[in-house]
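Examining the three-dimensional arrangement
Single-letter residue listing:
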Amino acid sequence: SWLLVTMLQANTSAKDRRLSAPVKLGIDNECPLPLLPNNKRMKQLVRRLGSGDGLSVWGHCAVAYDLNGDSKPEYVVMLDCSAVGNCNWAVFATHPTRLLGTIYGKDLYFRQRVGQWAAITTYGHLSASWGALTTFCFRKQGYTQCTKQHEVSVEQGNIPRFVQQRPANCPR
């Protein structure tokens, strides 16, 4: 039983460190984003994941970020967005090209790596003055939600500093 408790404590503390790791890069989907890299397999996967409405113009933007510390960027690709600006994003590895998961939110916050993979926290609009923070962690084969949505608002005074700072892709 001592070993089980120790293993659970170690697992919990690693998760807690991932969720509180500093944000290394913030991205706002309303500011310019780089184009999807010229990767045929990734473009095929993006088309398959698209909304299928025949009207979408999404899937052309991607954020490059080394999520696993191998000095090769993974790509987070905007798939489609709602009327309030919250988007579905696909996370891809490129060596070999494969889908690592899907995440949802308006803004992306890449956290410092704790362990092999960096966590990604997203901010999404709930209303004009309320939003939700959700964190996605790499588990087994890909990214999945590892926190419940946490509501934040100006009224509650609980908007984290990293959400208030200017994202890297927004010109001054």
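See above for the structure.
Residues numbered from 1 in each chain as written. Predicted model: local features only at pLDDT ≥ 70, side-chain atom pairs only at ≥ 80, totals over all residues. Heavy atoms only, no water.

1. Some thoughts on the overall build of the chain
To be explicit about the condition: Segments assigned H or I by DSSP are reported as helices when at least four residues long, segments assigned E as strands when at least two residues long, and all are numbered from the N terminus. Only protein chains enter the accessibility calculation, which uses a 1.4 Å probe. A residue is then buried if its area is under 20% of the maximum for its type, exposed if over 50%, and partly exposed in between. Whether two residues are in contact is decided by their heavy atoms: any pair within 4.5 Å suffices. Only the protein chains shown count as cover for residues, and the accessible areas themselves come from Shrake-Rupley with a 1.4 Å probe.
The secondary structure content of the chain amounts to 3 helices and 10 strands. Traced from its N-terminal end to its C-terminal end, the chain shows the element sequence α-β-α-β-β-β-β-β-β-β-β-β-α. Relative to its full complement of 172 residues, the chain shows a buried share of 45%. A separation of at least 24 residues holds for 47% of the contacts in the chain among residues at least 6 apart in sequence. Accessible surface, the chain as shown: approximately 9,900 Å² in total, 53% of it carbon and sulfur.

2. Here we look at the side chain of Asn29
For clarity, the threshold we go by: A 3.5 Å cut-off defines polar contacts: any pair of N or O atoms within that distance qualifies, except that in protein one atom must be a possible hydrogen donor and the other a possible acceptor, and neighbouring residues in sequence count only when both atoms are side-chain atoms.
Examined against the element boundaries, Asn29 turns out to sit in the loop between strand 1 (23-28) and helix 2 (40-49). For Asn29, the side chain forms a polar contact with the main-chain oxygen of Gly85, separated by 2.7 Å. In this structure the side chain of Asn29 is engaged in a polar contact, spanning 3.5 Å, whose partner is the backbone oxygen of Lys106. Apart from residues lying up to four places away in sequence, Asn29 is in contact with Met78, Cys81, Gly85, Cys87, Trp89, Lys106 and Asp107.

3. Some details on the nonpolar core
To keep things clear, this is the line we draw: The criterion is simple. A nonpolar core is a set of buried Ala, Val, Leu, Ile, Met, Phe, Trp, Tyr and Cys residues joined through side-chain atoms within 4.5 Å.
Membership of the largest hydrophobic core comes to 23 residues, with the highest contact counts inside it found for Leu67, Phe110 and Tyr143. When contributions to this core are tallied by element, the ones reaching two or more residues are strand 1, strand 2 (62-65), strand 3 (74-81), strand 4 (87-94), strand 5 (97-105), strand 6 (107-111) and strand 8 (130-139). Here the element with the most residues in this core is strand 4; it accounts for 4 residues. If we ignore the near neighbours within four places in the chain, the residues touching Phe110 are Pro22, Val23, Lys24, Leu25, Ile27, Val63, Tyr65, Leu67, Val76, Ala119 and Ile120. Core analysis: the second largest hydrophobic core is formed by 10 residues, Met42, Tyr75, Leu79 and Phe92 among them.

4. What about the sheet that holds strand 3?
For clarity, the cut-off: Two strands form a pair only when DSSP identifies at least two bridges running between them. Under this scheme, a helix contributes an axis fitted over its contacting stretch, all axes are lines through C-alpha atoms, and angles between N-to-C directions fall in the 0 to 180 degree range.
Strand order across the open sheet formed by 4 strands is 2-3-4-5, with antiparallel pairing between neighbours. The two strands at the open ends of the sheet, each matched to only one other strand, are strand 2 and strand 5. Each strand axis lies, on average, 25° off the axis of its neighbour in the sheet, ignoring direction. Here strand 3 runs beside strand 4; their pairing, made up of 6 bridges, is antiparallel. When the sheet's bridge partners are listed, Asp80 is paired in strand 4 with Asn88.

5. Side note on the packing of aromatic side chains
Filter applied, for reference: Each aromatic pair joins two rings of Phe, Tyr and Trp (for Trp, the six-membered one) with centres within 6.5 Å, and gets the label stacked for planes under 30 degrees apart, edge-to-face for over 60, and tilted for any other angle.
Scanning the model with the defined rule gives 5 aromatic pairs in all. When the ring of Tyr109 is compared with that of Phe162, the centres are 4.9 Å apart and the planes differ by 65°; the resulting orientation is edge-to-face. With Tyr109 in strand 6 and Phe162 in helix 3 (residues 161-164), this residue pair connects regions lying 53 residues apart in the sequence. Its relative accessible area of 3% is what places Tyr109 among the buried residues.

6. Details of the side chain of Asp80
Topologically, Asp80 is positioned in strand 3. Looking at Asp80, its side chain comes within polar contact range of the side chain of Asn88, at 2.8 Å.

7. Thoughts on the environment of Trp117
Here Trp117 shows up in the loop between strand 6 and strand 7 (120-125). Look at Trp117 and you get buried, because its relative accessible area is 10%. For the pair Trp117 and Gly142, spaced 25 residues apart in sequence, the C-alpha separation works out to 9.8 Å.

8. A look at the state of the cysteines
Under the convention used in this document: Put simply, a disulfide is two cysteine sulfurs that come within 2.5 Å.
Evaluated as defined, the whole model comprises 3 disulfides. The disulfide partner of Cys31 is Cys170, and the S-S distance across this bridge is 1.9 Å. Classification of the bridge connecting Cys31 and Cys170 rests on its S-S torsion, roughly 95°, and on that basis the disulfide is right-handed. One end of the pair, Cys31, is in the loop between strand 1 and helix 2; the other, Cys170, is in the segment after helix 3, with 139 residues separating them in the sequence. Comparing Cys31 with Cys170 shows no difference in burial state: the two are buried. Between the sulfur of Cys81 and that of Cys87 lies a disulfide, 1.9 Å long from S to S. Looking along the S-S bond of the Cys81-Cys87 disulfide, the torsion reads about 95°, which is the right-handed sense. Cys87 gets classed as buried once you look at its relative accessible area, which sits at 0%. When the cysteines of the chain that form disulfides are numbered from the N-terminus onward, they connect as 1-6, 2-3, 4-5.

Purely spatial values, then, with no claim about function.
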